[in-house]
Amino acid sequence: MNPTSAPRGAPRVGFVSLGCPKALVDSEQILTQLRAEGYAIAPDYADADLVVVNTCGFIDAAVAESLDAIGEALAESGRVVVTGCLGARDGGGFVRERHPKVLAVTGPHATHEVMSAVHAHLPRPHDPFADLVPPQGVKLTPRHYAYLKISEGCNHRCTFCIIPSMRGDLVSRPLAEVMAEAERLLRAGVRELLVISQDTSAYGVDVRHRTGFWQGRPVKTRMTALVRELDALAHAHGAWVRLHYVYPYPHVDEVIPLMRDDLAHGGLVPYLDVPFQHASPRILRLMKRPAAPEKVLDRVRAWRASKPQLALRSTFIVGFPGETDAEFAELLDFLAEAQLDRVGCFAYSPVAGAAANALPGAVPADVKELRRVRFMEAQARISAARLAARVGTTLDVLVDAHAHAGRGRSKRRIAVGRSHADAPEIDGVVRIEDGASLAPGSLVRVRIEAADDHDLAGRVAGEHERAS
């Protein structure tokens with residue numbers, strides 16, 4: 001069913017979704033409620049009676065993009081409801097000051113408030129039919145993967161971040177609710193669940209790990225218990241589970257053995273997205289982050305000893321206020337020692353309302369950019385070496401799409417997918433040279449024949465070949 005279909009004459013709502021995967025899930029929940037109430041989702045401004053813009057407010061570039069999107073929606077439609085992280089700034093005053101003609105402004109994870117604003121300015125249609133909405137809700141991702149948000153907010157107070165002021169403290173979703181959503185998604189054909197939150201490792205801390213119930217069994221509201229249940233459920237459906245935003249707390253060690261070596265039949269993939277941010281103890285303290293890089297390295301070594309296939313992704317900030325050349329060198333040394341598979345790096349950018357803005361020792365913009373370039377060059381060498389080691393091995397790959405390779409007469413259709421080491425849109429891909437007939441969502445074993453700094457290429461392996 002086309003999720004934008006609705007009875008003729010139904011009021012039509014346009015939707016602009018910006019920001020991170022957590023904001024994307026908020027958008028999906030609002031879209032699902034809109035469709036449940038019989039609203040149609042307009043594909044463009046011209047067909048929209050009203051537009052909802054879900055904003056991001058984390059860094060200056062995201063703020064500018066959000067404000068531009070609101071302005072465009074106002075110019076094209078004239079009737080706009082704003083939600084998301086930017087809407088939380090100054091209780092909505094930040095957005096209203098710049099765009100006073102918006103109909104309403106709400107903060108993040110505010111489906112009820114958004115729907116109230118829509119009802120006020122675009123009355124709900126009569127006699128809505130619940131079966132207009134697919135059981136898994138309206139999704140903005142491709143059919144074969146979906147984000148599963150397990151909590152809102154964060155208890156950390158990192159000095160560079162204003163997420164807690166916008167999304168609040170940690171609030172874990174009930175375990176049964178999370179599992180029920182996961183089951184609906186898998187039954188609808190999703191082949192990969194991407195678990196997200198602000199701090200996945202802290203799941204259940206706010207409710208003191210109280211006991212929930214799933215399929216009649218008591219299960220603790222705890223990260224390790226949830227992951228164990230998700231692994232079993234995904235494996236039963238031949239799907240993958242991938243963990244994001246995992247802080248390296250000691251109990252994460254319990255998750256590593258749950259990761260599966262053979263992914264042809266689904267389960268928890270050997271992949272962790274761990275936001276390390278820096279490696280200098282002094283800079284980490286200024287960031288109000290855990291400040292023991294040597295313990296982090298010990299943990300990384302232990303994880304890899306237990307699970308050699310484990311792929312580690314992380315993000316780092318260079319040019320934080322007060323960062324010296326020596327401390328940047330510490331970061332490069334950490335990178336060389338940790339040998340992370342996937343890495344993102346940002347030059348520090350002041351965020352309105354962040355405590356770090358008051359710190360002395362601002363690093364000049366040209367120095368920040370030079371450090372970012374040097375950092376990514378160092379990581380590119382590490383990535384290239386780690387991917388080159390994959391040549392000659394066989395990997396389980398989830399097919400995402402098709403593409404064309406080559407030019408002129410050599411132009412050919414190939415499949416593009418991802419291994420366990422690749423989250424969608426942020427990591428690399430695996431190009432399957434003979435994969436033209438493979439459907440998106442297919443799990444296939446691929447013999448790796450080539451690698452570059454970021455991606456792999458290969459051909460479909462024989463049925464007898466095991467992943468290695």
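Our structure's up above, just so we're on the same page.
Residues numbered from 1 in each chain as written. Predicted model: local features only at pLDDT ≥ 70, side-chain atom pairs only at ≥ 80, totals over all residues. Heavy atoms only, no water.

Visitor: Which residues make up the sheet that holds strand 5 (residues 104-105), and what are the values?
Guide: With parallel pairing, the 5 strands of this open sheet are ordered in space as 2-1-3-4-5. Edge positions in the sheet fall to strand 2 (40-41) and strand 5, since each has one partner strand and no second. Pairing between strand 1 (residues 12-17) and strand 3 (residues 50-55): 5 bridges, direction parallel. When the sheet's bridge partners are listed, Phe-15 is paired in strand 3 with Val-52. Seen against the sheet, helix 1 (residues 21-36) touches strand 1, strand 2, strand 3 and strand 4 (80-84) and runs at an angle of roughly 175° to strand 1. Relative to strand 3, helix 2 (residues 60-76) is tilted by about 180°, and along the sheet it contacts strand 1, strand 3 and strand 4. (Pairing = 2+ DSSP bridges. Helix = DSSP H or I, 4+ residues; strand = E, 2+ residues; numbered from the N terminus. Contact = heavy atoms within 4.5 Å. Axes fitted to C-alpha atoms, helices over the stretch in contact; angles between N-to-C directions.)

Visitor: An account of the pairing of strand 17 (residues 412-418) is needed here, citing residue identities and associated values.
Guide: Along strand 17, 5 of the 7 residues are buried, which leaves the element largely enclosed by surrounding structure. Direction of pairing for strand 16 (residues 394-405) relative to strand 17: antiparallel, over a ladder of 7 bridges. Bridging across to strand 17, Ala-403 finds its partner in Ile-414. Here strand 17 runs beside strand 18 (residues 430-432); their pairing, made up of 3 bridges, is antiparallel. Paired with Val-416 across the bridge in strand 18 is Arg-431. (Buried < 20%, exposed > 50% of the residue type's maximum accessible area, 1.4 Å probe, protein only.)

Visitor: Could you give me a rundown of the sheet that holds strand 9 (residues 192-196), with the residues and numbers involved?
Guide: Judged by pairing direction, the sheet is parallel, and its 6 strands sit side by side in the order 6-9-12-13-14-15 without closing on themselves. Only two strands of the sheet have a single partner each, and these edge strands are strand 6 (145-149) and strand 15 (342-347). With strand direction ignored, the average angle separating the axes of adjacent strands in the sheet is 20°. Pairing geometry for strand 13 (residues 267-273) and strand 14 (residues 311-318), over 3 bridges, is parallel.

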